[in-house]
Amino acid sequence: MPAVIEMQNLTVQLGNRTILDRLNGALSGRCIGLLGPNGSGKSTLINTLLGFYEPVAGAARIFEKEIQSNLRELRAMVGYMPESDAFIADMSGVSFVRYMAELSGLPRGEAMERAHEAFFYVGLGEARYRKLGTYSLGMKQLAKLAQAIAHGPRLVLLDEPTNGLDPEARVRMLQLVREIRDTGEVTVLISSHLLRDIEECCDQVLILKDGRIAALCNLEEERKANLKFLELEVTQGNGFLESVRGLGCECAAVGAGRVRIILPDNIDLRQIYRTAAEHTVQIRRMNYRRDSLEDIFLKAMAGNSMPPPPPLLPPPPGSANGRL
Amino acid sequence: MAVYKRTYKAYRGPLTPAWSRFTVLSRYGLATLFSSRPFTAYTVLCFLPFLIYLAYIYLVHSTAAQALLGVGRSMPFTVDNTLFLWFLRSVAPMGFVLAAWGGPGLITKDFANHSVQLYLSRPISRTEYLFGKISVLATLLSCITWIPALLLFFVNAALQGHGWLWENFWIAGSIMLSCLIWIALMSLISMAVAVWVKWRIAATALMLAVFFLLPPIGFVLDAILRTRWGSLLNFVHMVTLVWMHLFRVSATGRHAAGFDAVPLWSAWAMLLSVCAFCFWLLDNKLRAREVERA
C-alpha cells in the first residue's frame, strides 16, 4: 500500500523549543493512530501536516506531495477535526458545515446538500437547525466530525475525537470512524492518548515520545504475529519439549510447567495436541500471547526507539510480558 | 452520501475557482452583520447624507423647486469640488462608527470560537482569509462613500450639462482615491486591533481610543516639546489634510493654522506608516495556532 504520509527528518521548532525532532517514517494504514503522552508532539505533527507550522528541517509529504509547496491542493483533500471546541456558536449546525464545505470549494447547492447528509450521517440530523452553542459536548464533537468529512476529503485528521465523551457517545464516535475507514475512500489519522480508542480503530500506530518516534508498528501484523506465540501449562512429561522441537517449533521451558512455543507457518495446533498425547502430557492451559497496544506503548515509553522483533530466548524470570 | 443510506461517500463534483473562495467569507460576514437589526438600521441611516446631498443638487438645478421652497437666486448655490469634499466629510464619521461596530466582531468571533484553525485548514491562505474579512468592511464603506459620491457626481453632471463632466472629471478621481485611503485605513485598523486583542469589546474600545485619545496625546506632546509634529497622531486630521489636497481645497478661517502645522508629505507618510504597521500586526498575529515564544 502506498504511503499516505511520509516524513523525512521532519523537525519542527516553536520558539526555541524543538517539538518534533527528526521524524522519519511512512504511514500507510487505512486508519493510523497517533499516540503519545501529553506534550509528545501529536498535535504539533497534525498542525505541521496541515501546514500551520513550517519545518525547520526535513520535510513531510501527504499523498506523495510535499506539504509546504502544495498547501492549497492538499488542504482540499484533508478534513480536520480539532481537539478544542472550534465552531461559530451562533450559527446553526447545518449552516456551519455548509460554510466550511463552501470554503473547501464546494458550490453553494452541493455544499448545502453535503452538509445535510453529513449531519444525518453522524446522527445529528434532527438537531441540524439548532445553534451550535446549544449543543452538548458529544453533539459538538459530532458536528466537528461532520464539518471534517462534508467536503469528501481523502485524509481525515482527528485530534482527540473522543475527548470528553460519555461511553455511549464514545462508542458512536468510534463506530463512525470505523465506518469511514471501511469505505476505503479515506484514510483516517487519529491522535489520542486513549490506547483503547486506537486499538479499536487503527491498523497502524505511530507512538511519539518527546518529539521523537518511539514506535511505529502495524497493529494488524502484530495481531497476526500474536497467533504464532503460545504459552502452555503442562504436566511434566519427558521428551515433550524435544518432540515439539522436532516438529520445527522453537520452544522454551520457563519453569513451573510453563512452556512457550513459536509455531512455524506449516505447523498446525493439532500437531501439538497429538505430540502431547503421545507423551501423555496434559495441557492444562493454553494461551495465545496477547501483546496488546498497551504493551507496545509501555515498551515504547520505556525505551527510546522502535520495538525490536520478538526475541527467541526465554525472558528473565519475573518478566511481565509474555514474549518468548 | 445519500441520506437514506447514511454511508460515507467521497465528493467528486465540481469545485468553485480557487480565487473566489474569499467571497464565501465576505458573504457570510455580511450575513452575520445584517442579522443584527440595530446594525441594519444604522447602515440604512448612513444613506441619509446621500439623500440630503441629492436633494440639494436637485434644488440647485431646479428653478421650480427653488421657487416652491421660496429660495431666492441670491443664495450661493454651487456644486463644485468643495461640495463633494463636504459630502465625504459628513459620511466619514458615520462610516467610522460602522467600522468600529461591525469590523472587530468579524475576526474576534473567529478567535473566540477557535475557528481560525478551521478556516485555515481549508484551501484558503491567511491573506485570502484577511481579504475576505476586509472586503466585508470595504463593501459596506464603499456603499456609503464613493458609490453615492460618484452617483452624486454623475447626477450633477447630467443636470448641469455643457461639458461640466469633462471639466471636472478629476473630482471623480479625487473621490475614488480619497475613499480608497479612508476605507483602507478604517478596515486595516479595525482588523489589526481585533487580531491584536482578540476580544470584541476591547477591540472596539481600542479603535475608539486610536481616533479619540491619540489626538489629545499629540496635543500634549506639542505643548511639552514645543513642536507641531504631535498632530501627526491625529489621523482624522491627517486624512482631512490629504483629502483637501486631493480636492484642491484650501483651508480658510480659524482652521487654516491647524492644517498648516505639518507638511502634506508627512500626512501621507503617517497614513502609509499606519497601514504598514497594521499589515505587520496582522501578519504576526493572525495565525491558525498561537506559538508561545520561549
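Residues numbered from 1 in each chain as written. Chains lettered and ligands numbered in written order. Predicted model: local features only at pLDDT ≥ 70, side-chain atom pairs only at ≥ 80, totals over all residues.

Enquirer: Give a description of the overall build of chain A that names residues and reports values.
Expert: Secondary structure assignment for chain A yields 11 helices and 14 strands. Restricting the contact set of chain A to residue pairs at least 6 apart, pairs at least 24 apart contribute 67%. (Helix = DSSP H or I, 4+ residues; strand = E, 2+ residues; numbered from the N terminus. Contact = placed C-beta atoms within 7 Å.)

Enquirer: Lay out the overall build of chain B in plain terms, naming residues and giving numbers.
Expert: Broken down by element type, chain B carries 15 helices and 0 strands. Expressed as lengths along the three principal axes of its C-alpha atoms, the size of chain B is roughly 80 × 60 × 35 Å. Expressed as a percentage of the 294 residues in chain B, the buried residues total 37%. Taking as baseline every contact in chain B between residues at least 6 positions apart, the subset at least 24 positions apart corresponds to 78%. (Buried ≥ 20, exposed ≤ 12 C-beta atoms within 10 Å, placed from the backbone.)

Enquirer: Can you tell me about the domain arrangement of chain A, naming the residues and giving the values?
Expert: Domain annotation of chain A identifies domain 1 (5-222) and domain 2 (227-289). With centres defined by C-alpha atoms, the gap from domain 1 of chain A to domain 2 of chain A works out at 45 Å. (Domains from an automatic or database assignment.)

Enquirer: Can you explain the pairing of strand β12 (residues 250-255) of chain A? Please cite residues and give values.
Expert: Residue and element names in this part refer to chain A. Bridge count for β12 against strand β13 (residues 258-262) is 5 bridges, and the pairing is antiparallel. Its bridge partner being in β13, G255 is matched across the sheet by R258. Counted between consecutive antiparallel strands, the loop separating β12 from β13 contains 2 residues, among which A256 sits at a positive phi close to 55°. (Pairing = 2+ DSSP bridges.)

Enquirer: Can you explain the sheet that holds strand β2 (residues 17-27) of chain A? Please cite residues and give values.
Expert: All names here are of chain A. On the basis of which strands lie adjacent, the open sheet formed by 4 strands has the order β2-β1-β4-β5 and antiparallel pairing. Unpaired on one side and paired on the other, β2 and β5 (65-66) mark the two borders of the sheet. Examined bridge by bridge, strand β1 (residues 5-14) and β2 share 7 bridges and lie antiparallel to one another. Within β2, the position partnered with V12 by the bridge is L20. Along the sheet, helix α1 (residues 42-49) makes contact with β1, β2 and β4 (57-62), crossing β2 at roughly 70°. (Axes fitted to C-alpha atoms, helices over the stretch in contact; angles between N-to-C directions.)

Enquirer: Before we move on, can you summarise the interface of chain B and chain A with the specific residues and values?
Expert: Listed by partner, the interface residues are 32 residues for chain B and 42 residues for chain A. At the level of elements, α1 (22-34) and α6 (116-120) of chain B are the ones that each hand at least two residues to the side of chain B that touches chain A. If one sorts the elements of the side of chain B that touches chain A by residue count, α6 of chain B sits on top with 4 residues. Broken down by class, the residue content of the side of chain B that touches chain A amounts to 18 nonpolar, 7 polar and 7 charged. (Nonpolar A, V, L, I, M, F, W, Y, C, P; charged D, E, K, R; others polar.)

Enquirer: Please provide a residue-by-residue account of the confidence of the model for chain A, values included.
Expert: Across chain A, pLDDT averages 84, with 90% of residues at or above 70. Every residue in residues 305-324 of chain A is under pLDDT 50, and counting partners more than four places away or in other chains gives 26 contacts. (pLDDT = per-residue confidence, 0-100.)

Enquirer: With reference to specific residues and values, describe the pairing of β4 of chain A.
Expert: All names here are of chain A. Where β1 lies against β4, 5 bridges are found, and the strand directions are antiparallel. What sits directly across from E6, in β4, is R61. The sheet contact formed by β4 and β5 spans 2 bridges and is antiparallel. Across the sheet, residue I62 finds its bridge partner in β5, namely K65.

Enquirer: Now, about the environment of R245 of chain A: what can you tell me, with residues and values included?
Expert: For R245 of chain A, the location among the structural elements is in helix α9 (residues 240-246). Considering only alpha carbons, one finds R245 of chain A and I262 of chain A, 17 residues apart in sequence, at a separation of 9.9 Å.

Enquirer: Account for unusual backbone geometry, naming residues and giving values.
Expert: All names here are of chain A. We note that D210 has phi near 50°; this positive angle belongs to a residue other than glycine. Relative to the elements of secondary structure, D210 occurs in the loop between β9 (204-209) and β10 (212-218). Of note in this structure, T280 is not a glycine but carries a positive phi near 45°. Mapped onto the fold, T280 is located in the loop between α10 (269-278) and β14 (283-288). Taking the C-beta count within 10 Å as the criterion, T280 has 10 such neighbours and is therefore assigned exposed.

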